[in-house]
Amino acid sequence: MKSLEEIRADLRFIREYYKLKRTMKRPFEVTDHGDYKSLIARYDTLAKAAPKRQAQVYEGLYLQGKTQKALAQEWEVTEKYIQILNKRLLLFLQSHWD
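Fair warning: this is a prediction, and the values are worked out from it, not measured in the lab.

Participant: Help me understand the overall build of the chain in this model?
Facilitator: A count of helices and strands for the chain gives five helices and zero strands. When burial is assessed residue by residue, the chain has 39% of its 98 residues classed as buried. Sequence separation of 24 or more characterises 60% of the internal contacts of the chain that already satisfy a separation of 6 or more.

The following block contains the structure:
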(Lines give C-alpha, C1' and ligand atoms only; values in the text may rest on other atoms or scores of the structure.)
Protein backbone atom coordinates (compact mmCIF):
# COMPACT_ATOMS: atom_id res chain seq x y z
CA MET A 1 0.00 0.00 0.00
CA LYS A 2 1.26 3.45 -0.87
CA SER A 3 1.68 5.97 1.90
CA LEU A 4 -0.24 9.23 1.78
CA GLU A 5 3.07 11.04 1.31
CA GLU A 6 3.86 8.92 -1.77
CA ILE A 7 0.40 9.60 -3.18
CA ARG A 8 0.81 13.34 -2.57
CA ALA A 9 4.18 13.26 -4.37
CA ASP A 10 2.65 11.39 -7.32
CA LEU A 11 -0.22 13.87 -7.51
CA ARG A 12 2.21 16.81 -7.45
CA PHE A 13 4.04 15.17 -10.35
CA ILE A 14 0.78 14.64 -12.26
CA ARG A 15 -0.20 18.26 -11.68
CA GLU A 16 3.15 19.49 -13.02
CA TYR A 17 3.01 17.06 -15.95
CA TYR A 18 -0.36 18.37 -17.09
CA LYS A 19 0.74 21.96 -16.51
CA LEU A 20 3.76 21.43 -18.77
CA LYS A 21 1.66 19.56 -21.31
CA ARG A 22 -0.71 22.54 -21.60
CA THR A 23 2.13 25.04 -22.08
CA MET A 24 4.41 23.08 -24.43
CA LYS A 25 3.92 23.60 -28.14
CA ARG A 26 5.42 20.26 -29.09
CA PRO A 27 5.33 16.79 -27.51
CA PHE A 28 7.75 16.05 -24.72
CA GLU A 29 8.88 13.07 -22.70
CA VAL A 30 9.56 12.94 -18.97
CA THR A 31 12.77 11.08 -18.29
CA ASP A 32 13.19 11.12 -14.52
CA HIS A 33 9.95 9.63 -13.15
CA GLY A 34 10.13 6.02 -14.29
CA ASP A 35 7.11 4.70 -16.14
CA TYR A 36 5.15 7.93 -15.74
CA LYS A 37 2.55 7.12 -18.42
CA SER A 38 1.32 4.03 -16.59
CA LEU A 39 1.47 5.92 -13.27
CA ILE A 40 -0.75 8.69 -14.65
CA ALA A 41 -3.10 6.17 -16.28
CA ARG A 42 -3.43 4.32 -12.96
CA TYR A 43 -4.33 7.48 -11.07
CA ASP A 44 -6.76 8.55 -13.81
CA THR A 45 -8.51 5.17 -13.64
CA LEU A 46 -8.69 5.16 -9.85
CA ALA A 47 -9.95 8.75 -9.74
CA LYS A 48 -12.74 7.92 -12.19
CA ALA A 49 -13.85 5.16 -9.80
CA ALA A 50 -13.96 7.57 -6.86
CA PRO A 51 -17.20 9.18 -5.70
CA LYS A 52 -18.30 11.94 -8.09
CA ARG A 53 -17.16 14.99 -6.09
CA GLN A 54 -13.78 13.41 -5.34
CA ALA A 55 -13.31 12.62 -9.03
CA GLN A 56 -14.15 16.25 -9.81
CA VAL A 57 -11.57 17.43 -7.26
CA TYR A 58 -8.96 15.24 -8.98
CA GLU A 59 -9.89 16.78 -12.32
CA GLY A 60 -9.83 20.34 -11.02
CA LEU A 61 -6.74 20.23 -8.81
CA TYR A 62 -4.47 17.80 -10.64
CA LEU A 63 -5.50 17.67 -14.29
CA GLN A 64 -6.51 21.32 -14.66
CA GLY A 65 -3.95 22.56 -12.10
CA LYS A 66 -6.29 24.83 -10.18
CA THR A 67 -5.59 25.83 -6.61
CA GLN A 68 -7.96 24.79 -3.85
CA LYS A 69 -8.98 28.43 -3.48
CA ALA A 70 -9.72 28.81 -7.21
CA LEU A 71 -11.70 25.57 -7.30
CA ALA A 72 -13.68 26.61 -4.23
CA GLN A 73 -14.55 29.93 -5.85
CA GLU A 74 -15.56 28.20 -9.08
CA TRP A 75 -17.83 25.77 -7.23
CA GLU A 76 -19.04 28.48 -4.84
CA VAL A 77 -18.05 26.45 -1.78
CA THR A 78 -15.53 27.00 0.99
CA GLU A 79 -11.88 26.20 0.60
CA LYS A 80 -12.21 23.94 3.66
CA TYR A 81 -14.76 21.83 1.75
CA ILE A 82 -12.27 21.36 -1.11
CA GLN A 83 -9.60 20.40 1.43
CA ILE A 84 -11.94 17.79 2.92
CA LEU A 85 -12.78 16.36 -0.51
CA ASN A 86 -9.09 16.28 -1.43
CA LYS A 87 -8.24 14.38 1.77
CA ARG A 88 -11.05 11.92 1.04
CA LEU A 89 -9.66 11.51 -2.47
CA LEU A 90 -6.21 10.74 -1.05
CA LEU A 91 -7.67 8.16 1.31
CA PHE A 92 -9.72 6.62 -1.52
CA LEU A 93 -6.63 6.34 -3.73
CA GLN A 94 -4.65 4.81 -0.89
CA SER A 95 -7.33 2.25 -0.06
CA HIS A 96 -7.68 1.17 -3.71
CA TRP A 97 -3.97 0.95 -4.50
CA ASP A 98 -2.84 -2.67 -4.89
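Participant: Mind showing me how you'd approach the packing of helix α3 (residues 52-63) against helix α5 (residues 79-95) here?
Facilitator: For any two helices packed against each other, one specifies the crossing angle of their axes together with the interaxial distance. The contact between α3 and α5 brings their axes to 9 Å, and the two run at 105°. Between α3 and α5, the angle falls in the class roughly perpendicular. Here R53, Q54, V57, Y58, L61 and Y62 of α3 come into contact with α5, specifically with Y81, I82, L85, N86, R88, L89 and F92. Looking at the contact of α3 with α5, its residues break down into nine nonpolar, two polar and two charged.

Participant: I would appreciate a short explanation of unusual backbone geometry in the present structure.
Facilitator: Across residues other than glycine, the phi torsion is negative in most instances, and most of the peptide bonds are trans. Of note in the backbone geometry, E76 takes a positive phi value of approximately 60° without being a glycine. Structurally, E76 is set in the loop between α4 (68-75) and α5. For E76, a relative accessible area of 73% puts it in the exposed group.

Participant: Got a minute to help me understand α4 in this structure?
Facilitator: Turn by turn, an α-helix covers 3.6 residues, leaving residues three or four places apart pointing in a common direction. Those residues of α4 lying buried are L71, A72 and W75. The arc that holds every buried residue of α4, seen down its axis, measures 100°, which confines them to one face. Elements that come into contact with the buried residues of α4 comprise α3 and α5. Where α4 terminates, the next one or two residues include E76, which has phi positive at roughly 60°.

Participant: I would appreciate a short explanation of the side chain of K2 in the present structure.
Facilitator: Locating K2 in the fold gives a position in the segment before α1 (4-23). A distance of 2.4 Å separates the side chain of K2 from the side chain of D10, its partner in a polar contact. The residues touching K2, leaving out its near neighbours within four places in the chain, are I7, D10, L39, Y43, Q94 and W97.

Participant: Help me out: how do you make sense of the packing of helix α2 (residues 36-49) against α3 in this one?
Facilitator: Running from N to C, α2 and α3 point in directions that differ by 145°, and their axes come no closer than 9 Å. Across the interface between the two elements, I40, Y43, D44 and A47 from α2 touch A55, Y58 and L63 from α3.

Participant: Looking at this structure, how should I read the environment of G65?
Facilitator: By the element assignment, G65 lies in the loop between α3 and α4. Taking the C-alpha atoms as reference points, G65 and Y17, 48 residues apart in sequence, are found 9.7 Å from one another. If near-sequence neighbours (up to four positions away) are discounted, G65 is found in contact with R15, R22 and G60.

Rules behind the numbers
- Residues numbered from 1 in each chain as written.
- Predicted model: local features only at pLDDT ≥ 70, side-chain atom pairs only at ≥ 80, totals over all residues.
- Heavy atoms only, no water.
- Helix = DSSP H or I, 4+ residues; strand = E, 2+ residues; numbered from the N terminus.
- Buried < 20%, exposed > 50% of the residue type's maximum accessible area, 1.4 Å probe, protein only.
- Contact = heavy atoms within 4.5 Å.
- Axes fitted to C-alpha atoms, helices over the stretch in contact; angles between N-to-C directions.
- Parallel < 35°, antiparallel > 145°, perpendicular 65-115°, else oblique.
- Nonpolar A, V, L, I, M, F, W, Y, C, P; charged D, E, K, R; others polar.
- Arc of directions from axis to C-beta.
- Polar contact = N/O pair within 3.5 Å; in protein donor to acceptor, adjacent residues only side chain to side chain.

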